[in-house]
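Results of the structural survey
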Amino acid sequence: MSAPALRFQAMGCDVQVAGATPEQARRIRALFDRHERRFSRFVDDSELNAVNAGAGRAIRVSRAFADMLELSLWAARETGGLVDPTIGAALRAAGYDRDFGDGLDRPQPPAPAVAGCWHRIEASGQLLRVPAGVELDLNGVVKSRAVDEALACLGGEGWISAGGDVAAHGAIDVALPGGDAVRLESGGLATSGRERRAWRRGGRLQHHLIDPVTGRPAQPRWQQVTVSGATCLDADVAAKAAFLLGDEGPDWLDERGLPGRFLQAGDRAVTNRSWRRSLEGALACT
Amino acid sequence: MEPTRNDQPSRMVAARRRAAVGKGALAAAAVAVFAGGMLATRSTASGHSRHAATPLTAPRRFANTVRQSALQSGSIAPPQSAPPQASTSQS
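Structural notes, computed from the coordinates. (Residues numbered from 1 in each chain as written. Chains lettered and ligands numbered in written order. Predicted model: local features only at pLDDT ≥ 70, side-chain atom pairs only at ≥ 80, totals over all residues.)

The subject of this paragraph is helix 6 (residues 232-245) of chain A. Side chains that are three or four residues apart share a direction in an α-helix, a result of its 3.6 residues per turn. All names here are of chain A. Look at helix 6: 20 Å from first C-alpha to last across 14 residues, which is about the 20 Å you get at 1.5 Å a residue. Taking burial as the measure, the 14 residues of helix 6 include 14 buried ones, the bulk of the element. Of the residues one or two after helix 6, Gly-246 is the one with positive phi, at around 65°. (Helix = DSSP H or I, 4+ residues; strand = E, 2+ residues; numbered from the N terminus. Expected span 1.5 Å × (residues − 1). Buried ≥ 20, exposed ≤ 12 C-beta atoms within 10 Å, placed from the backbone.)

What follows is about the interface of chain A and chain B. If you look at the interface, chain A gives 51 residues, while chain B gives 21 residues. Relative to strand 2 (residues 86-87) of chain B, strand 8 (residues 172-176) of chain A runs parallel, the two sharing 2 bridges. Note that in strand 2 of chain B the partner of Ala175(A) across the bridge is Ser87(B). (Contact = placed C-beta atoms within 7 Å. Pairing = 2+ DSSP bridges.)

The subject of this paragraph is the nonpolar core. Grouped together as the largest cluster of nonpolar side chains are 79 residues, with contacts concentrated most on Val174(A), Val227(A), Ala238(A), Ala241(A) and Ala242(A). Among the elements that make up this core, the one with the highest residue count is helix 6 of chain A (11 residues). (Core = buried A, V, L, I, M, F, W, Y, C linked by C-beta atoms within 7 Å.)

Residue and element names in this part refer to chain A. Spatial ordering of the open sheet is given by 1-2-6-7-10-15-16-17, a layout of 8 strands whose pairing is antiparallel. The open sheet terminates on both sides in strands that have one partner only, identified here as strand 1 (6-10) and strand 17 (268-271). Adjacent strand axes in the sheet meet at a mean angle of 15°, parallel and antiparallel pairs treated alike. The pairing of strand 10 (residues 188-193) with strand 15 (residues 224-229) spans 6 bridges and is classified as antiparallel. The residue of strand 15 that forms the bridge with Ser-192 is Val-225. Relative to strand 7 (residues 165-169), helix 5 (residues 139-153) is tilted by about 15°, and along the sheet it contacts strand 2 (13-18), strand 6 (158-162), strand 7 and strand 10. Lying on the sheet, helix 6 is in contact with strand 7, strand 10, strand 15 and strand 16 (260-264); it crosses strand 15 at an angle near 145°. (Axes fitted to C-alpha atoms, helices over the stretch in contact; angles between N-to-C directions.)

As structure tokens, then:
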């Protein structure tokens, strides 16, 4: 399959597209730009910021926003609240209060923690009420969903990659963290980890994977977690949940039949039963 | 002119017949109103059963939708080419 023909920056990450016609490439870029303008915390007039500013009262949101919020609440339900869309204030408290490229290290300690509370969101169609003091952050769901939507724009074989999320039409080999590779035959692959989006506040390491119970960056058991899902959204949601679950991550994925690969310190990789079964099953079929 | 004694029985019979017809019509109307009201009540009051009781099972379509919406696996295999075309690095 072809090498990437289009590269650009969107949603704070590098986006690569292979196998797209010029018209498809234009549509994919417009799709990412549209999502960033609507859902970014760092675009002043984004709809997300308008919703957060309206917390505490019922407001009407766009159909696109309502759909993305519905997916985010689905992710929260599927993970028992681990992937929580209400961690915007917790991210800001930890110091993630501006675009990553602007530098987040500060000598001041982090602000008081803010726990997640996704179950307190009230939504019906395009009518939404976010509890007062709560800030939404849908970024993870938006990015993986954008990859899935972009893949649907491709007519034939090709692939999309955005900040660790990969989806393809047709099989491709994908490099894994720590120096290995896997063939993605269908669906998506996503990796969650704390290394890339990490910074220091008051000398203490902070990162963007928030434990919604404590409202603080999770105490990491793994460096990075990679999951294969039917879609990039499935893979990304499962990878975040497995990262946050620590030792229980591999079994949690196995219970759902999701292949997962866990990278420990020193680049030592551990795979769960579903991952090993997928690779052994593929070998047996050849 | 005063009615004759011979006219009176036939007028009484006719009057009684009209009264009987009127009473019958009123009774029929009352029965129809009662029956209509009862049917309307049964068909609109939420507490009234309109159908035979059925076991509480989720419709097939609903069950399929719920199953499809759960997190699902993709398909992976050992790599076949070097170097890999794409990379998954942490987000």
